[in-house]
Amino acid sequence: MGRRSRAAEILAAVLLLALSAACGSRLPESDFERDDRTPAPRDSAPLRVGIITSATSPVGGNAFTGPRDGAKAWFDRLNARGGVDGRRVEVRLCDDGGSGVGNNECVHKLVEEDDVVALVATTALDYAGASRVSRARVPDIGGQPIGGAYDTYPHLYGIYGSLAPRDGTTGWDGKLYGGTEVYRYFKREHGARTAAVVSYNQSASAAYARLVERGLRAEGYKVVTEQVDFALPNFRAVAADLKEQGADLVFDAIDSHGNARLCQAMDQVGADVTAKVTNVQNWTSTVPDDYEDAPRCRNALWATGASRDFDDTGHPAVREFREATKGLETHSQWQLEGWAAARWFTEAAKSCATSGITRACVDGFMNRSQGYTAGGLLLPVEFQRLAEPPKTRETCLSVARWQDGKGWVGQGDMNRTCFDVPQLAYAP
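An account of the accompanying structure is given in this report. Position labels on residues start from 1 in each chain and follow its written sequence. Local features in this predicted model are restricted to residues whose pLDDT is 70 or higher, and side-chain atom pairs enter the listing and the counts only when it is 80 or higher, whereas totals over whole chains, interfaces and linings include all residues. Excluding hydrogens and water, the side-chain values take into account all heavy atoms of the structure.

## Some points on the state of the cysteines
Covalently bonding the sulfur atom of one cysteine to the sulfur atom of another cysteine gives a disulfide.
Phase 1 of the analysis: The disulfide criterion is simple: two cysteine sulfur atoms within 2.5 Å. Going through the model one piece at a time under the given rule, you end up with four disulfides.
Phase 2 of the analysis: Covalent S-S linkage joins Cys 263 and Cys 297, the inter-sulfur distance amounting to 1.8 Å. Disulfide Cys 263 to Cys 297: torsion about the S-S bond roughly -50°, handedness left-handed. Here the residue Cys 263 occupies a position in helix α7 (residues 256–269), and Cys 297 occupies one in helix α9 (residues 295–298), the gap between them amounting to 34 residues. A run of DSSP states H or I qualifies as a helix once it reaches four residues; a run of E qualifies as a strand once it reaches two. Both are numbered from the N-terminal end.

## Overview of the packing of aromatic side chains
Phase 1 of the analysis: Planes of paired rings set the category: under 30 degrees apart is stacked, over 60 is edge-to-face and the rest tilted, where pairs are Phe, Tyr or Trp rings (Trp by its six-membered ring) whose centres lie within 6.5 Å. This model, assessed by the stated rule, comprises 15 aromatic pairs.
Phase 2 of the analysis: Ring geometry for Trp 402 against Trp 408: centres 5.6 Å apart, planes inclined by 75°, an arrangement best described as edge-to-face. Trp 408 carries the same exposure label as Trp 402, and that label is buried.
Phase 3 of the analysis: Ring pairs connect the aromatic residues Tyr 157, Trp 344, Tyr 372 and Phe 383, which therefore count as one cluster.
Phase 4 of the analysis: A ring is scored as having a charge over it whenever the NZ atom of a lysine or the CZ atom of an arginine sits within 6 Å of its centre and within 35 degrees of its normal. The ring of Trp 74 is capped by Arg 77, whose NZ or CZ atom sits 5.4 Å from the centre of that ring. Only protein chains enter the area calculation, which uses a 1.4 Å probe; residues under 20% of their type maximum are buried, those over 50% are exposed, and those in between are partly exposed.

## Structural notes on the pairing of strand β7 (residues 194–200)
Along any regular strand the residues' side chains alternate between the sheet's two faces.
Phase 1 of the analysis: Counting buried positions along β7 gives seven out of seven residues, so the element sits mostly inside the fold.
Phase 2 of the analysis: One ladder, built from seven bridges, connects β7 with strand β8 (residues 222–228); its direction is parallel. Opposite Tyr 200, over in β8, you have Val 228 as the bridge partner.
Phase 3 of the analysis: Handedness of a crossover: with both strands directed away from the viewer, a clockwise path from the first strand across the helix to the second marks it as right-handed. Each parallel crossover has a hand, and for β7 linked through helix α5 (residues 203–218) to β8 it is right-handed.
Phase 4 of the analysis: For β7 and strand β9 (residues 249–253), the ladder comprises five bridges, and the chain directions are parallel. Following the sheet pairing, Val 198 is matched in β9 by Asp 252. Paired strands, as defined in this entry, are two strands with at least two bridges between them according to DSSP.

What follows is the structure, given as structure tokens:
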């Protein structure tokens with residue numbers, strides 16, 4: 001079964017990539033020369049895991065905390081049930097402040113001082129310490145691929161998998177590849193033919209918009225491009241042109257606040273569309289508040305991703321997640337993916353219980369965990385080190401749309417919503 005493409009997820013941080021500088025420091029090889037594979041006697045000491053999050057960052061609070069909160073909820077529930085082989089999981093949190101310096105400090109603290117057995121659900125604006133984690137051979141499990149680190153280094157296992165060689169060079173000769181399955185879906189399932197792409201006059205935003213435009217044109221769409229000033233955006237003018245052009249779909253390379261203002265302007269001018277397509281980071285329960293002044297556009301919101309809709313409580317794994325997180329004020333898709341990452345670590349640790357739960361043993365499990373789904377929460381995750389990038393690929397996607405009174409409503413079986421699509425190169 002195919003996997004969802006990596007390119008479709010980069011919108012979650014399109015305005016953040018311009019702030020990134022992946023330049024992790026390197027430590028002497030001798031610092032890491034130890035044999036973690038030696039079987040150990042049964043241990044009752046807590047298992048330490050680390051979670052690095054840009055909880056405070058230039059893009060504002062709570063932008064990156066969903067995976068952390070989901071992972072913590074899993075570990076709290078796990079510890080209440082006895083932990084792993086009788087050992088409690090001790091979670092060490094570190095806020096890197098959204099900076100490369102802060103990220104390296106978190107890596108130093110967790111990996112070298114706290115000696116965590118693994119990192120889980122990493123969500124970093126600037127993962128500058130990624131090379132350091134890899135050189136220490138610490139498995140980093142289920143992180144969010146905001147930058148290119150999870151397609152660059154061994155021992156790092158992003159939540160969506162990777163086909164890249166991960167030999168220290170990003171992707172293939174510095175390029176990553178993503179498919180056009182989202183655009184194919186709306187064309188095949190909803191007859192969409194005209195798509196608009198809205199971006200800021202800012203380099204990262206414009207670069208992502210060009211990638212979306214390429215994918216849409218590859219699928220035969222008429223593409224309408226709209227660019228607004230980052231400092232003084234005139235969303236009403238954009239909305240009026242969308243109406244005049246008869247756009248079926250609206251994609252964007254703008255932030256959440258900008259999306260809400262765009263939707264409000266669309267309602268004001270009467271620009272009705274088949275779908276206002278957003279991404280996994282905006283797949284949250286806060287839609288009624290975020291789009292309070294745009295009821296028509298709000299009910300045209302669609303989200304696509306690589307994990308099962310967090311509102312799909314008919315599925316037992318989702319129901320388990322929602323029951324364990326009922327104390328949270330809001331819910332989001334990133335919380336569910338953080339929960340899945342923590343579950344992934346737990347299954348790896350349990351597999352190592354008899355021989356000793358070490359970094360090396362957990363990493364070995366991760367290398368063997370092809371097709372992992374976290375009990376049906378994820379599309380099957382693959383880690384393959386392909387020498388050449390695929391030209392085409394069967395990729396699947398999870399799709400949901402917002403409906404007032406119902407929340408996010410899943411659209412079909414994500415494991416069967418699959419398309420054989422071309423893979424387009426882009427620079428992360």
